[in-house]
Amino acid sequence: MTEHLLHPRIVESKDWATILFVLSFLLITVTKSTNENRFGDFMKLIFSDKYSKIYRDSSHLMSGFTLSLFIVHAISFAFFIQLTLTIFGYASKTDYLLYIQIITFVVFFILSKYLIEKIIATAFNIEEFVEQFNLQKVTYRTYIGLLILPFNIILFYNESIPVIIPQLIIAIVLVFSVVTYLMSIKNYQNIIFSKLFYFILYLCTLEIAPYFLMYYWYTKSIA
């Protein structure tokens with residue numbers, strides 16, 4: 001008689017991810033329907049600087065439009081981080097507890113960095129410049145988050161993804177981030193040059209040091 005051994009099949013749920021993807025597209029749809037012209041200009045950001053020129057006032061930083069797309073940006077970036085870790089063999093893409101940790105860290109990092117920038121800007125008397133500069137950065141980073149959202153969906157629901165795919169996306173995101181950062185500096189070059197010393201301190205303290213420390217911590221943790 002042949003003996004059959006039955007092994008339990010563990011199926012990891014993907015429902016939580018589907019809900020977040022639907023929520024992201026729902027937020028995008030609502031934002032587009034309530035701010036149709038602004039959303040149209042925003043989506044052309046890669047081809048035109050019209051949006052940056054029209055909505056450059058710092059009051060737009062806390063607008064409903066910016067905040068709703070910031071939520072999508074946070075969801076998208078957290079997914080991309082987890083998917084990248086999965087492809088490189090450091091995590092599971094269906095681990096919702098890990099996703100909660102990642103998105104919590106992403107939001108905490110962004111908000112704490114923003115609050116520290118506010119304090120330093122007040123100390124250096126460059127509040128208006130930092131607010132406008134932050135708006136520029138948030139705008140471009142949110143745009144990147146929206147662009148990689150469809151790739152997150154493809155990566156999440158496909159079982160075999162070549163390592164080159166996330167590497168290519170990371171390279172494109174880094175290049176785009178550097179280019180947009182330089183564009184932001186160019187847009188505010190007159191203010192920057194008038195407060196060059198403070199800007200260099202701001203740049204080293206809040207734009208270089210945090211990412212260097214994160215990279216150092218990450219390389220040490222996987223060593």
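This one's a predicted model, so the numbers in the text were calculated from it and none came from an experiment.

Let's talk about the layout of surface pockets
Of the volumes computed, that of the second largest pocket is approximately 180 Å³. Around the second largest pocket, the lining residues are Ile-46, Ile-144, Leu-147, Ile-148, Phe-151, Ile-169, Ile-172, Val-173 and Phe-176. Listing elements by their share of the lining of the second largest pocket, those giving two or more residues are helix 6 (127–156) and helix 7 (164–187). Taken together, the residues of the lining of the second largest pocket break down into nine nonpolar, no polar and no charged.

A few points about helix 1 (residues 15–34)
Over its 20 residues, helix 1 runs 28 Å from end to end, which matches the ideal 28 Å to within 8%, given 1.5 Å per residue. Along helix 1, the residues classified as buried are Trp-16, Ala-17, Leu-20, Phe-21, Ser-24, Ile-28 and Thr-31. For helix 1, the angular spread of the buried residues around the axis is 145°, confining them to a single face. Exposed side chains of helix 1 directed beyond 90 degrees from the buried face belong to Asp-15, Ile-19, Leu-26, Thr-29, Ser-33 and Thr-34.

Brief notes about the nonpolar core
Core analysis: the biggest nonpolar cluster contains 34 residues, and Trp-16, Phe-42, Phe-79, Tyr-99, Leu-146 and Phe-156 have the highest contact counts within it. Mapped by element, the contributors of at least two residues to this core are helix 1, helix 2 (36–43), helix 4 (64–87), helix 5 (96–124), helix 6 and helix 7. Leave out the neighbours within four places in its chain, and Phe-156 touches Lys-14, Trp-16, Ala-17, Phe-21, Phe-79, Leu-83, Lys-93 and Thr-94. Grouped together as the second largest cluster of nonpolar side chains are nine residues, Ala-121, Ile-126, Phe-133 and Phe-199 included.

Considerations on the environment of Leu-23
As for its position among the elements, Leu-23 is in helix 1. Overall, the relative accessible area of 35% leaves Leu-23 in the partly exposed class. Remark: the alpha-carbon pair of Leu-23 and Ile-75, spanning 52 residues in sequence, is separated by 9.5 Å.

Some words on the pattern of salt bridges
Per the stated rule, a full pass over the model turns up one salt bridge. A salt bridge links Asp-41 to Lys-50; its shortest N-O distance comes to 3.7 Å. Asp-41 sits in the buried class, given a relative accessible area of 13%.

So, how was this worked out
Residues numbered from 1 in each chain as written. Predicted model: local features only at pLDDT ≥ 70, side-chain atom pairs only at ≥ 80, totals over all residues. Heavy atoms only, no water. 1 Å grid on protein atoms, 1.4 Å probe; cavity = no way out; pocket = protein on both sides within 12 Å on 5 of 7 lines; lining within 4 Å. Points joined across faces, edges and corners; volume = space filled by probe spheres on them. Helix = DSSP H or I, 4+ residues; strand = E, 2+ residues; numbered from the N terminus. Nonpolar A, V, L, I, M, F, W, Y, C, P; charged D, E, K, R; others polar. Expected span 1.5 Å × (residues − 1). Buried < 20%, exposed > 50% of the residue type's maximum accessible area, 1.4 Å probe, protein only. Arc of directions from axis to C-beta. Core = buried A, V, L, I, M, F, W, Y, C linked by side-chain atoms within 4.5 Å. Contact = heavy atoms within 4.5 Å. Salt bridge = Lys/Arg side-chain N within 4 Å of Asp/Glu carboxyl O.

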